[in-house]
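One letter stands for each residue in the lines below.
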Amino acid sequence: MRLSALASAALLLSVPAFSQAAKPVAGKPDASTSKTKIITIHEGTNMASTVSPDGKTVILDLQGILFSLPIEGGKAKQLTQPTDEAAYPGFAPDGKTVVFQSYAGGTFHVWKMNADGTGLKQVTSGHGDDREPRISPDGKTIAFASDRDFKGSYDIWTVGIDGGEPKQITSGTNDEYEPAWTPDGKIVYVSAIDEEMIPGLRVATGRQVIQIDPTTLEKKTLVEVKTGRIDSPSVSSDGKLAYVYFSGAGQTLFPSKLIVDGKPISSKYDDAFPFEAAWMSPTSLLYTTNGKLVKADLSAKTETEIPFTADIKSIRPIFKSKDYRFDSKLPRQALGLYGPALSPDGKQVAFVALNQLYLLTIGNPVPKALTNDSFYKQGPMWSADGKWIAYVSDKDGVENVYLLDPKTGEEKHPSPSKTTAQIFPALSPDCKWFTSQDQTGATHLTEIATGKDSIVAPATFFPGRAGFSANGKTLAIATIHPYTKRFREGTSDILLVDIATKKQTWHKPAPFESVTTRTEDGPVYSPTGKEMAFVMSDVLYTMPVDENGVPAGKAEPLNNEVTDAPTYNGDGSKLLYLNNGKLKLIDRKTKAITPVTVSLKYTPEQPAGSTVIHAGKFWKGSGPDVQTDVDVVVTGNRVISVTPHGATPVPAGAKVIEATNSTVLPGLWENHSHPNSDNSIYYGDRMGRLWMAYGITTLRDMADNAYRAVEEKEAFVSGAAVGPRLFATGEAVDGERVYYPMMIATTSEAQLQREFQRLHALDFDFLKLYVRLPYSWMKKGDEFAHNVMGVQTASHYLLPAVAIGNDGMSHVSATARTGWAYSRSLTGFSYSDVQQLEAESGMWTISTLLNQSIIGNWPAMADDSRYNIAPPWEKNRLVNGRNAAVKNPSTASEDRVMREESTVKGVLDRKGLYIGGTDSPLDLPSTSLHLNLRSQVKYGLQPWQALETVTSIAAKAALLDKDLGTLEKGKLADLIIVDGDPLTNISDVTNVQCVMTNGHLRSVAEIAAPFEKLTTGANMCPAK
């Protein structure tokens, strides 16, 4: 039996089931087709190896598939399937058994099999991650690393070869992992120190090799280093110690060397992979490095590469893309009802939609707009007496909390701030205080009468809206609670804060479960003081609490459908929530559900009339050729013609733009953005304008808060807000453990299907499958996205994109549940296996540098007044990054960039699809994309090739090249006018003067006007 057939049993052991059966998908989609091919590779990136005791057979973990290979090399034989997710193999002393770790069931566990791939059996189970198994010299015991005691760190455990109850060997507070056995039955392992990489994020870095006797528990430190990183010790039959040592730190690890008895064994290889070397004798061992499988002879001081080839099957889905209705003028129902709040009397609902604050009287489906401006809105919440609605706006420059009387229109601004954001307001039961969160993630308590403000809870990683207990003494906040420091993921738990003492206590919504998102999904307290409500597994739950709001019982479900944003009425008898774009009320006692009808229509903004742009230079978006003295004629939202100047009559009444000293080219694509999550929620109206001011006319959203993303897209489409063309998505679908606030912790197949239905109901343009979602569930996501939604998918992983059906990979490499990526080594190299698989499979990959230090090459970018459109703390981040890069230039950082760009060039040279993106706003929006382009040119591409990654190739990768990506007759009119010639000097593409999106032309001065006074482009492209 194959491992993937056993994975279902593993899943039942690993994650809790949910009683509801998955709902069938709407309609009966036609089965998608696919192209398949075999890609033969001969190198491996971050591959691991083990060798049989007789020295005849090697087993390779190559791209997450186990292969067997004769020690002489040759053609590798595949043993496992991609969905088996097998890794880290190790031979038993008898040569017949191989142990490995598998993620097939959604949690890492120890498995074993026969050396020929048969006889697969799961050895451990449960919610703990069990990793890095190794068999004892007597063949009876498996040592492995696990966090299964759930006390905040990895420890070394053992279990019998046939399973049973694991035994804990270490129990320190440091993370302890990567065990190996000594010949006399002791265990050596890595011990890590706790380091803070960024404020609020601590990680484990291996600095010691420790030996422990599993019987007496006596310990001895064998190796200790002060800098760098240690991985994967192993011990020879005569007691020699080998381990992998990485110089550097963080993103600048390099070089990495295999160390034996304290000294590097090689002067040739400098990228040893972080896996255990396999001892073949006291003087020879096998290890993986620089993409190669290498046998080292310590006596002869020689190293011999063992050649191999391996076949990987590529599957490229073919499906019918959704209709994006680019030219439609028909009214649409708004789905982006963001942050609805039920009034205390239960008769009205406040919410944000189409960039305005609305008030709905239940029973009258047409809501009333309470605001009428272009600024950002967020987070409405009622006061307990029903007099005020607290909400967020950036109309005075930075997002702040305002109090609005919906009856009279009176408004208060209790605590104005120009330097600190205030989001997610909640009002105290006595209406004297409100809480909010600033851009660092700290929770503030503000007195309304005086504006006096203080921090009541220190920063956590992107917490949700705080909720006051009924007696006003306690705050409840959903925030991340990591399992260990070695890996960042955990559960989104409930953090309680005693307002008087600021004491914090953690409470779980349920064992191994999360509050669904850390945004608008609770917890919220009932005004009765008897319970709190929150969303878990995508459905509505309540949990009893004591008089101080402390959980006092088990959470119980109230409904059985997708839920978001619950709020109570004043007596706690009803809860309002969102279900797939619709409002619903549930009776707390009877559980009867009543739809709340909302009729809110908008019409896509489609410009009328014609514009003629007389361009001194023109680049259509592909190839090296530049035209001169060209007329670009736009009517409505489409390009009508591109001809030599004067060859086409000017349409009657057309605007004529003289850009004779400028270059016209397609607008730029930001292919990896998060415009409605994380740091972006603090930008407000500035975000869309900042991107446009730097020539970015299209955003591909790679995971966001669902309703905020829908609301923003509808605001852009309707013209209610200013921003690029947005291809949006909601939260990423993740596994049981999560990290970011917009990742859905998915713990059952029923919930998985509910989440797919939610994304479909909200008409999203993309489906993100995140780090802890097992490949088997990713495959289900691919099938749903392609067959039902007609949209693409992506993950962080190479193999699902190649062999399962993901359309792309959202980074060259990024966070991986394994701790390493198969697409890039820890030192930054991607070998030919990666470049072949990416190019020959037809998938797309996004290059996200995430390296602000390269701004030291172009320091003036930080002085650009356009970046004053950003919030002041983000402008400071840019300036501080520049200053640090100039003061302390980093060769290691530059080398890291060079290695990534060599991968980009390698794939493009093979005719693959590489596209530019930045992961903004984790990296700085706008400038990061331009740094990305400049780096591509600095390290090998021609300017036109770099620009293609954010124009024509980007559109082709997104299956949108019939409408976007180039400026040709019939294409959508998304273009930019820049000062200079970016096809000669790539830096000139930053000099944006005017931007056209969907036929609507704006100068940079007009775009920036609400936040920064500029003149750029104003004389060339006057406001409409």
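Residues numbered from 1 in each chain as written. Predicted model: local features only at pLDDT ≥ 70, side-chain atom pairs only at ≥ 80, totals over all residues. Heavy atoms only, no water.

Participant: Where do I start with the sheet that holds strand β24 (residues 284-289) in this structure?
Facilitator: Neighbouring strands of a sheet are bound in pairs by backbone hydrogen bonds; such pairs are parallel or else antiparallel. With respect to topology, four strands assemble into an open sheet ordered β23-β24-β25-β26, the strand pairing being antiparallel. Edge positions in the open sheet fall to β23 (278-281) and β26 (302-305), since each of these has one partner strand only. Here the strands of the sheet are splayed against their neighbours by 30° on average, with no regard to which way each runs. Two elements, β24 and strand β25 (residues 292-297), share six bridges in a ladder whose sense is antiparallel. Looking at the pairing, Leu285 lines up with Ala296 of β25. (Pairing = 2+ DSSP bridges. Helix = DSSP H or I, 4+ residues; strand = E, 2+ residues; numbered from the N terminus. Axes fitted to C-alpha atoms, helices over the stretch in contact; angles between N-to-C directions.)

Participant: Help me out: how do you make sense of the pairing of strand β44 (residues 504-507) in this one?
Facilitator: When a strand is regular, its side chains alternate between the sheet's two faces. Where strand β43 (residues 490-498) and β44 come together, four bridges link them in antiparallel fashion. By the bridge assignment, Leu495 is partnered in β44 with Trp506. Where β43 hands over to β44, the hairpin turn is made up of five residues, of which Lys502 adopts a positive phi near 65°.

Participant: Looking at this structure, how should I read helix α4 (residues 749-761)?
Facilitator: Since the α-helix packs 3.6 residues into each turn, any two residues three or four apart lie on the same face. Between its first and last C-alpha atoms α4 spans 18 Å; for 13 residues at 1.5 Å apiece the expected length is 18 Å, and the two agree. For α4, the full list of buried residues reads Ala750, Gln751, Leu752, Gln753, Arg754, Glu755, Phe756, Gln757, Arg758 and Leu759. After α4 finishes, the residue Asp763 shows a positive phi value of roughly 60°. (Expected span 1.5 Å × (residues − 1). Buried < 20%, exposed > 50% of the residue type's maximum accessible area, 1.4 Å probe, protein only.)

Participant: Where do I start with the sheet that holds strand β10 (residues 121-122) in this structure?
Facilitator: Judged by pairing direction, the sheet is antiparallel, and its four strands sit side by side in the order β7-β8-β9-β10 without closing on themselves. The open sheet has two edge strands with one neighbour each: β7 (86-91) and β10. Sheet topology places β7 next to strand β8 (residues 97-102); four bridges connect them, and they run antiparallel. If you follow Ala86 over to β8, its bridge partner there is Ser102.

Participant: Just to check I follow, could you spell out the state of the cysteines for this structure?
Facilitator: Applying the stated rule across the entire model yields one disulfide. With its sulfur 2.1 Å from that of its partner, Cys994 forms a disulfide with Cys1021. Across the S-S bond of Cys994 and Cys1021 the torsion is about 105°, and the bridge reads as right-handed. With Cys994 in strand β69 (residues 992-997) and Cys1021 in the segment after α13 (1004-1008), this pair connects stretches of sequence that are 27 residues apart. With respect to class, Cys994 is no different from Cys1021; both count as buried. (Disulfide = S-S within 2.5 Å.)

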